[in-house]
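Spelled out from the first residue to the last, the chains are:
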Amino acid sequence: MNGFAVAILGLALCMILCGSGSALALFKTGSAASGVVSEDPKKFSKVFVLAVLPATQGIYGFVVGLMGMSSLTVEMTMGQGFAVVMAALPMTIVGFISAYFQGRTSVSAIQAVAKEDSVSGKLMLFPAMVETYAILSLVISIMLFGSL
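Definitions and limits used
- Residues numbered from 1 in each chain as written.
- Predicted model: local features only at pLDDT ≥ 70, side-chain atom pairs only at ≥ 80, totals over all residues.
- Heavy atoms only, no water.
- Helix = DSSP H or I, 4+ residues; strand = E, 2+ residues; numbered from the N terminus.
- Buried < 20%, exposed > 50% of the residue type's maximum accessible area, 1.4 Å probe, protein only.
- Contact = heavy atoms within 4.5 Å.
- Areas by Shrake-Rupley, 256 points an atom, 1.4 Å probe, with all protein chains shown as cover.
- Lys, Arg positive; Asp, Glu negative; His and termini not counted.
- Charge placed at Lys NZ, Arg CZ, Asp CG, Glu CD.
- Core = buried A, V, L, I, M, F, W, Y, C linked by side-chain atoms within 4.5 Å.
- Phe/Tyr/Trp six-rings, centres within 6.5 Å; stacked < 30°, edge-to-face > 60°.
- Disulfide = S-S within 2.5 Å.
- Expected span 1.5 Å × (residues − 1).
- Polar contact = N/O pair within 3.5 Å; in protein donor to acceptor, adjacent residues only side chain to side chain.
- Patch = residues over 30% accessible without salt bridge, like charges linked within 9 Å, V, L, I, M, F, W, Y side chains within 5 Å.
- Salt bridge = Lys/Arg side-chain N within 4 Å of Asp/Glu carboxyl O.
- Arc of directions from axis to C-beta.
- Axes fitted to C-alpha atoms, helices over the stretch in contact; angles between N-to-C directions.
- Parallel < 35°, antiparallel > 145°, perpendicular 65-115°, else oblique.
- pLDDT = per-residue confidence, 0-100.

1. Let's talk about the overall build of the protein chain
Working step 1: Regarding its fold elements, the protein chain presents six helices and zero strands.
Working step 2: On the principal axes, the C-alpha backbone points of the protein chain span a range of 60 × 20 × 20 Å.
Working step 3: Taking all 148 residues of the protein chain together, 37% fall into the buried category.
Working step 4: Contacts in the protein chain between residues far apart in sequence, at least 24 positions, make up 90% of those at least 6 positions apart.
Working step 5: Entry remark: accessible area of the protein chain is about 7,800 Å², with carbon and sulfur atoms responsible for 74%.
Working step 6: Taken together, the 7 basic and 6 acidic charged side chains of the protein chain have centroids lying 9 Å from each other.

Here you go:
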């Protein structure tokens, strides 16, 4: 295995894990939102944003993957390949974990909207707090790629 292959593996894992975390979370939020909307279709707009919030980590992983691809060369050393992996690592780990937990937080908020829809704006704050760490990881990965 050479540096190029190591870098490709790291970028692929970033996209795979961030995308998988988002997909798992969206499955949970979509299921919860579907139940609420089937009971009261007027609540669609209130649960829609809560249901799609965890999709952002998949997008962030894709962005980091694209940024990392601009750093690739076929002649990369192992050290350069591992530098690409390390630059993607914050988004890889935090993207997966934060998507999962943002999904769980969003499901709770969606269930609360089912009981009392007037609090939906306030409830959006809780999954958004989880999103903060995904954004911080994205910023760190971007900064690390900038230093390569």
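2. Overview of the nonpolar core
One recurring pattern in soluble globular proteins: nonpolar side chains tend to sit buried together.
Working step 1: Of all hydrophobic cores here, the largest spans 15 residues; its most connected members are Leu-11, Cys-14, Val-64, Val-84, Ala-88, Met-91 and Phe-145.
Working step 2: With sequence-adjacent residues up to four places away left out, Met-91 is seen in contact with Cys-14, Cys-18, Tyr-60, Gly-61, Val-64, Phe-96, Ala-134, Ser-137, Leu-138 and Ser-141.
Working step 3: Listed in part, the 11 residues of the second largest apolar core include Ala-51, Ile-110, Val-113 and Leu-123.

3. Re the packing of aromatic side chains
Working step 1: Scanning all chains against the criterion turns up two aromatic pairs.
Working step 2: With a centroid separation of 5.0 Å and 80° between ring planes, the pair formed by Tyr-100 and Phe-101 is classed as edge-to-face.
Working step 3: Accessibility expressed as a relative area gives 44% for Phe-101, which makes it partly exposed.

4. Description of the state of the cysteines
Working step 1: Counted under the stated rule, the structure contains zero disulfides.
Working step 2: Left without a disulfide partner, Cys-14 is nearest to the cysteine sulfur of Cys-18, which lies 4.3 Å away.
Working step 3: On the accessibility criterion, Cys-14 (0% relative accessible area) is buried.

5. Some thoughts on helix H1 (residues 3–39)
Working step 1: For H1, with 37 residues, the first-to-last C-alpha span of 54 Å sits near the 54 Å given by 1.5 Å per residue.
Working step 2: In this structure Asn-2 caps H1, since a side-chain oxygen of it lies 3.3 Å from the backbone nitrogen of Phe-4.

6. Here we look at a nonpolar patch on the surface
Working step 1: Where nonpolar side chains cluster on the molecular surface, the patch consists of Met-86, Leu-89, Ile-93, Ile-97, Tyr-100 and Phe-101 and spans about 530 Å² of accessible area.
Working step 2: Mapped onto the secondary structure, Met-86 falls in helix H4 (residues 78–115).

7. Considering helix H3 (residues 55–69)
Working step 1: Helix length check: H3 (15 residues) gives 22 Å between terminal C-alpha atoms against 21 Å at 1.5 Å per residue, within 8%.
Working step 2: Residues of H3 that are buried: Gln-57, Gly-58, Tyr-60, Gly-61, Val-64, Gly-65 and Gly-68. Projected down its long axis, H3 carries its buried residues within an arc of 160°, all on one side.
Working step 3: In this structure, the buried residues of H3 make contact with H1, H4 and helix H6 (125–146).

8. Points about the packing of H4 against H6
Packed helix pairs are specified by the crossing angle of their axes together with the interaxial distance, meaning the distance between the axes.
Working step 1: Across the interface, H4 lies against H6 with an axial gap of 8 Å and an inter-helix angle of 170°. When the axis of H4 is compared with that of H6, the two are roughly antiparallel.

9. Some points on the confidence of the model for the protein chain
Working step 1: On average, residues of the protein chain carry a pLDDT of 95, and 100% of them reach 70 or more.
Working step 2: Per-element averaging of pLDDT across the protein chain places helix H5 (residues 120–123) at the bottom with 90 and H1 at the top with 97.

10. Regarding the environment of Ala-5
Working step 1: Mapped onto the elements of the fold, Ala-5 is located in helix H1.
Working step 2: Sequence separation between Ala-5 and Thr-73 is 68 residues, and the spatial gap between their C-alpha atoms is 10 Å.

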